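Observations on chain architecture
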Amino acid sequence: MHLRGVVLPGDEVRDLWVRDGVISFEPVRDAETLCATGWIVPGLVDAHCHVGIRYGGGHEDRDGAIAQAEVERDAGALLLRDAGSPIDTRFIDDHHELPKIIRAGRHIARPKRYIRELGIELDDERDLPDIVAEQARFGDGWVKIVGDWIDRSVGDLRPLWSDAILKEAIDAAHREGARVTAHVFGEDALPGLINAGIDCLEHGTGLTDDTIEMMVEHGTALVPTLVNIDTFPDIADSATKFPVYAAHMRDLHRRVRDTVANAHAAGVPIYTGTDAGGSIRHGRIADEIDALAGAGLSRHEALAAASWRAREWLGRPGIEDGAPADFVVYRTDPRSGRDALDAPAYVVLRGRVYPGRDPVTGHR
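Computed from a predicted model, the values in this text were never measured in an experiment.

Take the domain arrangement of the chain next. The domain architecture assigned to the chain consists of domain 1 (1-43 + 318-363) and domain 2 (44-315). Once you take the C-alpha centre of each, domain 1 and domain 2 turn out to be 29 Å apart. The interface is formed by 25 residues belonging to domain 1 together with 26 residues belonging to domain 2. For the pair domain 1 and domain 2, the summed buried area comes to about 2,000 Å², and 62% of that belongs to carbon and sulfur atoms. In this assembly, domain 1 and domain 2 are joined by one salt bridge. Two residues, Asp287 and Arg338, come together in a salt bridge whose shortest N-O distance is 2.5 Å. Our count for the contact surface shared by domain 1 and domain 2 stands at seven residue pairs in polar contact (both at pLDDT 80 or more). Listed by contribution, the elements that provide at least two residues to the side of domain 1 that touches domain 2 are strand 5 (39-42), strand 17 (327-330), helix 13 (338-341), strand 18 (344-349) and strand 19 (352-355). Looking at the side of domain 1 that touches domain 2 element by element, the count peaks at four residues for strand 18. Within the side of domain 1 that touches domain 2, the residues separate by chemical class into 14 nonpolar, four polar and seven charged.

Given below as structure tokens:
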């Protein structure tokens, strides 16, 4: 096929061709023109996405996981970093019509310190380095640990691990060639995680000026999952038995946009992630891009955090000669606002074309 349009991030009108599922910068004879105008963007990235966790909770079956991945594809999210899943989703790799998943294995937590049945629960924290190494070998270059969660004995967020064991565990993952990310809501777990060499933080609502500076020094990335953080008031409302925790969650929610803006201004690398699965429905990458644009990033920067910059961070190509033909075509500039983002004209995955959403009905 042949396409012509504004190709981001270069912001110039170009011609592209697709042959045998890959991009060509050289003309392909007898190619059919798919579009003569529009905006062509490297396939979007949801860098915190749980294919395999059912909406409302629980483990998804194979058909359900496939349906979740289809929803992501139709929204233009063609690369998913699955930040912890209770099921083995490697069968998705056999479905060439579905997005590529970069797996982080299962969440690693302590008993009664995370969502039941989702993660591996360790009675003894000294087992953490071995389990992290095991999950590193199981995943696709990432491991996910739970950094903090409510401790009902004190009624507030508290770290799950000692600083020393975190350092051992992250070193173990790095020896396996894997990067480590951590779920963390509050303030107290952050110094230990960052100083231990964590590669990325999920949510990061408790960041302060001091821990933001530490992230910059260590090169730690942030995936703030703002559409998930918007559920904090509901979480607080359901935690009437723990008033300190409820007040803490409301405060984290109140200042999260400023927190992200401060991190961005300081130079922390920020990427999009919706936390889809469980309490967040799949296919909300446009909402997360829009939320980042309301939290200190320009619309160009927010789109970059969900496309070419995120792909570079995860080691995947964008729109390059010989790269897989994974991109999204928009009728209008996707940096113009939420409506444009939510209505791609075409989604192209591995050279196969999928119709985008109708801008009026929202259906394909």
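All right, on to the sheet that holds strand 6 (residues 44-46) then. Strand order in the open sheet formed by three strands is 6-7-8, with parallel pairing between adjacent strands. Since the sheet does not close on itself, it has two edges, and those belong to strand 6 and strand 8 (100-103), each with one partner. Averaged over all pairs of adjacent strands, the angle between their axes in this sheet comes to 20 degrees, without regard to strand direction. One ladder, built from three bridges, connects strand 6 with strand 7 (residues 77-82); its direction is parallel. Looking across to strand 7, one finds that Asp46 is bridged to Leu80.

Once that is clear, we can look at helix 5 (residues 209-218). Within helix 5 the residues assigned to the buried category are Thr211, Ile212, Met214 and Met215. An end-on view of helix 5 places all buried positions within 155 degrees of arc, on one side of the element. Turned more than 90 degrees away from the buried face of helix 5 sit Asp209, Asp210 and Glu217, all of them exposed. A positive phi of about 70 degrees marks Gly219, the residue just after helix 5.

The subject of this paragraph is the environment of Ile145. Following the sequence through the fold, Ile145 ends up in strand 11 (residues 142-146). According to the relative accessible area criterion, Ile145 is buried, its value standing at 1%. Separated by 36 residues in the primary sequence, Ile145 and Ala109 place their C-alpha atoms 6.4 Å from one another. Those residues in contact with Ile145 that sit more than four places away from it in its chain are Ile108, Leu128, Val132, Leu166, Val180, Thr181, Ala182, His183, Leu193 and Ile198.

A few words now on the pairing of strand 1 (residues 2-7). Here strand 1 lies mainly inside the structure; five of its six residues are buried. Relative to strand 4 (residues 33-35), strand 1 runs parallel, the two sharing two bridges. Following the sheet pairing, His2 is matched in strand 4 by Thr33. In this structure, strand 1 lies alongside strand 2 (residues 12-19), joined through six bridges in antiparallel fashion. Residue Leu3 lies in a different strand from strand 2, and its bridge partner there is Leu16. Joining the antiparallel neighbours strand 1 and strand 2 is a turn of four residues, in which Asp11 adopts a positive phi near 65 degrees. Sheet topology note: the strand 1/strand 5 ladder contains two bridges and is parallel. Within the sheet, the bridge partner assigned to Val7 lies in strand 5 and is Ile40.

As a further point, take the layout of surface pockets. Volume-wise, the largest pocket comes out at about 760 Å³. Around the largest pocket, the lining is made up of 33 residues, and of these Ile115, Trp149, Phe185, Ile235 and Ser279 lie nearest the centre.

What follows is about the UniProt feature "domain: Amidohydrolase-related" (unreviewed entry) in the chain. The positions that UniProt labels "domain: Amidohydrolase-related" (unreviewed entry) are, in the present scheme, residues 162-334. Its end C-alpha atoms 44 Å apart, residues 162-334 is made of 49% helix and 10% strand.

Now for the side chain of Arg311. Position of Arg311 among the secondary structure elements: in helix 12 (residues 308-313). Here Arg311 sits buried without a salt bridge, and the closest side chain of opposite charge, Asp326, lies 4.5 Å off (N-O distance). Discounting chain neighbours no more than four positions away, the residues touching Arg311 are Pro42, Gly43, Val45, Leu78, Leu79, Arg316, Pro317, Gly318 and Asp326.

This part covers the state of the cysteines. Here, disulfide denotes a covalent bond that connects the sulfur atoms of two cysteines. Tallying each qualifying case throughout the model produces zero disulfides. Take Cys49: it sits in no disulfide, and the sulfur closest to it among the cysteines is that of Cys200, at 14 Å. With a relative accessible area of 0%, Cys200 lands in the buried category.

Cut-offs used in this document
- Residues numbered from 1 in each chain as written.
- Predicted model: local features only at pLDDT ≥ 70, side-chain atom pairs only at ≥ 80, totals over all residues.
- Heavy atoms only, no water.
- Domains from an automatic or database assignment.
- Contact = heavy atoms within 4.5 Å.
- Buried area = accessible area lost by both parts, 1.4 Å probe.
- Salt bridge = Lys/Arg side-chain N within 4 Å of Asp/Glu carboxyl O.
- Polar contact = N/O pair within 3.5 Å; in protein donor to acceptor, adjacent residues only side chain to side chain.
- Helix = DSSP H or I, 4+ residues; strand = E, 2+ residues; numbered from the N terminus.
- Nonpolar A, V, L, I, M, F, W, Y, C, P; charged D, E, K, R; others polar.
- Pairing = 2+ DSSP bridges.
- Axes fitted to C-alpha atoms, helices over the stretch in contact; angles between N-to-C directions.
- Buried < 20%, exposed > 50% of the residue type's maximum accessible area, 1.4 Å probe, protein only.
- Arc of directions from axis to C-beta.
- 1 Å grid on protein atoms, 1.4 Å probe; cavity = no way out; pocket = protein on both sides within 12 Å on 5 of 7 lines; lining within 4 Å.
- Points joined across faces, edges and corners; volume = space filled by probe spheres on them.
- UniProt positions renumbered as here; feature names shortened; annotations may be inferred.
- Lys, Arg positive; Asp, Glu negative; His and termini not counted.
- Disulfide = S-S within 2.5 Å.

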